[in-house]
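What follows is each chain in one-letter form.
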Amino acid sequence: MRTQVGIVGAGPAGLMLSHLLHLAGISSIIVENKSRAYCEARVRAGLMEHWVAHMLIETGVGERLQREAMVHDGIYIAFNGEARHIDFHKLIGKQVYIYDQKEVVTDLIARRLADGGQILFEVEDTSLIYDFIGGDPKIRFRHEGREQLIECDFIGGCDGFHGICRPSFPDRALRGYDRVYPFGWLGILSESPPPENELIYCFHERGFALFSMRGPDLSRLYLQCAPDEDIDRWSDQRIWDELEARLGGVRPLVRGSILQKGITPMRSYVTEPMQAGRVFLAGDAAHIVPPTGAKGMNLAMADVRVLARAFEAHYRSGRDDLLANYSATCLSRVWKGQRFSWWMTQMLHRHSDEIDFDTKRQIAEIDYVTSSPAAMTSLAENYAGLPME
Ligand SMILES: Cc1cc2nc3c(=O)[nH]c(=O)nc-3n(C[C@H](O)[C@H](O)[C@H](O)COP(=O)(O)OP(=O)(O)OC[C@H]3O[C@@H](n4cnc5c(N)ncnc54)[C@H](O)[C@@H]3O)c2cc1C
């Protein structure tokens, strides 16, 4: 097989890259090691920055999003028995969109296939054949029992944090920057209405909690827990009691049947640079953030928009400066996303069992952030998405 851009991974990054390349008249093939049904059902991100929703709409994959997404003006932060609203729309004129990542993936897969795109699902033993100095890279894999090879001009490494592209880079080509947090999130998906129309972030002496949603009758709720928490120790009753305690009485909590539960460890990671030779990393393959700032899928979308434009400049006018600057362009946004995610995480989580100096300092910070127009504006512009241009 031969294509211009070979893409590893059919998550939001790989699919959107392939879609944008198609609109620019550039061919691509995606290889994905899971099944189509698995990719379309994987419960992950749910919050989309303003510009990402508009990019989906403007590039023709936002029809269902426009019908089904919940559009939020802001968020609530609850502490000391009170929920305070930060209204992004009033402060900066932007909103955020609640639309499940699995719906984004479903829409993009459908669109790529309708446009004649090639996505090879359930491939095995993917590897890159490339010396990182010269020549054209190749992707090798097994599909439907046969060894296959894709020859391409470039590779988009969009295979997530545990993929094979980043580890294929030569030793010392990359440097990783890491922060592991001493807590995780116990997350549930529940058949129940969320306690508020918008997200509620709760700072509570028992630990952080987040009340989010995937629909008017589908709640996505999280509790701060130990990173190695044993999920079997959490009965449904215990989860609901703890959520109710941490909501602190700011809203009534309706309980429902729990459809899914799991533990997510919290980590920040950035690799630099995000490219070597003709291989370009995008999305979680290059960086991950703790979910507190809701930045993961949004940063992945930002990377591939930059990358698609750089490929377009290469093929349309032979300009390679955008490709050469890909890493630097993305990293400037990635580090701002990292800073914001770290900041939200440290401000809202409990760091010790005692009410100590840091607890008092955190409460003062939350009080300030939810009352000063300057501080609220800073939170709003980071949360709803920094400008792309
Ligand atoms: C519990 C949870 C909650 C989250 N909440 C939010 C949120 O609210 N907002 C937000 O913005 N982000 C959130 N995120 C992060 C977001 O889901 C990720 O940042 C996003 O999925 C990144 O997209 P991606 O395409 O880069 O990677 P992925 O979605 O990981 O896609 C990578 C793809 O590559 C495939 N793959 C891997 N290895 C191979 C291989 N060897 N060969 C072929 N294919 C391969 C994988 O199967 C996968 O389909 C959350 C993540 C988790 C886990």
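Since this is a predicted model, take the numbers as computed values, not measurements.

With respect to the environment of Arg255
Right, so step 1: Position of Arg255 among the secondary structure elements: in the loop between helix H8 (236-247) and strand S16 (257-272).
Right, so step 2: Expressed as a C-alpha distance, the spacing of Arg255 and Pro194, which sit 61 residues apart in the sequence, is 9.3 Å.
Right, so step 3: A polar contact of 2.9 Å, which involves the side chain of Arg255, links it to the side chain of Asp241.
Right, so step 4: At 2.7 Å, the side chain of Arg255 forms a polar contact with the side chain of Glu244.

Some details on empty space enclosed by the protein
Right, so step 1: In total, this model carries 1 cavity of 30 Å³ or more according to the counting rule given.
Right, so step 2: Within this model, the largest cavity holds a volume of roughly 70 Å³.
Right, so step 3: Contributing to the lining of the largest cavity are Glu49, Lys295, Leu299, Arg333, Lys336, Gly337, Phe340, Asn382, Gly385 and Leu386.
Right, so step 4: Counting residues per element, the lining of the largest cavity draws most heavily on helix H11 (residues 326-348), at 4 residues.
Right, so step 5: Broken down by class, the residue content of the lining of the largest cavity amounts to 3 nonpolar, 3 polar and 4 charged.

Things to note about helix H13 (residues 373-383)
Right, so step 1: Every buried residue of H13 is listed here: Ala375, Met376, Leu379, Ala380, Asn382 and Tyr383.
Right, so step 2: The first or second residue beyond H13 is Gly385, which carries a positive phi of 115°.

As for the layout of surface pockets
Right, so step 1: In this structure, the second largest pocket encloses a volume near 340 Å³.
Right, so step 2: Lining the second largest pocket are 17 residues, with Val306, Thr329, Cys330, Met388 and Glu389 positioned closest to its centre.
Right, so step 3: Secondary-structure elements contributing two or more residues to the lining of the second largest pocket are helix H9 (296-317) and H11.
Right, so step 4: It is H11 that contributes the most residues to the lining of the second largest pocket, 6 residues altogether.

Notes on the site of the ligand
Right, so step 1: Taken together, 31 residues surround the ligand, and among them Glu32, Arg42, Gln101, Asp284 and Met297 come closest.
Right, so step 2: The backbone of Gly46 places a nitrogen or oxygen atom 3.4 Å from an oxygen atom of the ligand.
Right, so step 3: Relative to its free-state accessible area of 990 Å², the ligand is covered by the protein chains to the extent of 88%.
Right, so step 4: Of all the elements in the fold, those that place two or more residues in the shell around the ligand are helix H1 (12-23) and H9.
Right, so step 5: In terms of residue count, the dominant contributor to the shell around the ligand is H9 (4 residues).
Right, so step 6: When grouped by side-chain class, the residues that make up the shell around the ligand number 12 nonpolar, 12 polar and 7 charged.

The rules behind these values
Residues numbered from 1 in each chain as written. Predicted model: local features only at pLDDT ≥ 70, side-chain atom pairs only at ≥ 80, totals over all residues. Heavy atoms only, no water. Helix = DSSP H or I, 4+ residues; strand = E, 2+ residues; numbered from the N terminus. Polar contact = N/O pair within 3.5 Å; in protein donor to acceptor, adjacent residues only side chain to side chain. 1 Å grid on protein atoms, 1.4 Å probe; cavity = no way out; pocket = protein on both sides within 12 Å on 5 of 7 lines; lining within 4 Å. Points joined across faces, edges and corners; volume = space filled by probe spheres on them. Nonpolar A, V, L, I, M, F, W, Y, C, P; charged D, E, K, R; others polar. Buried < 20%, exposed > 50% of the residue type's maximum accessible area, 1.4 Å probe, protein only. Near = heavy atom within 4 Å. Areas by Shrake-Rupley, 256 points an atom, 1.4 Å probe, with all protein chains shown as cover.

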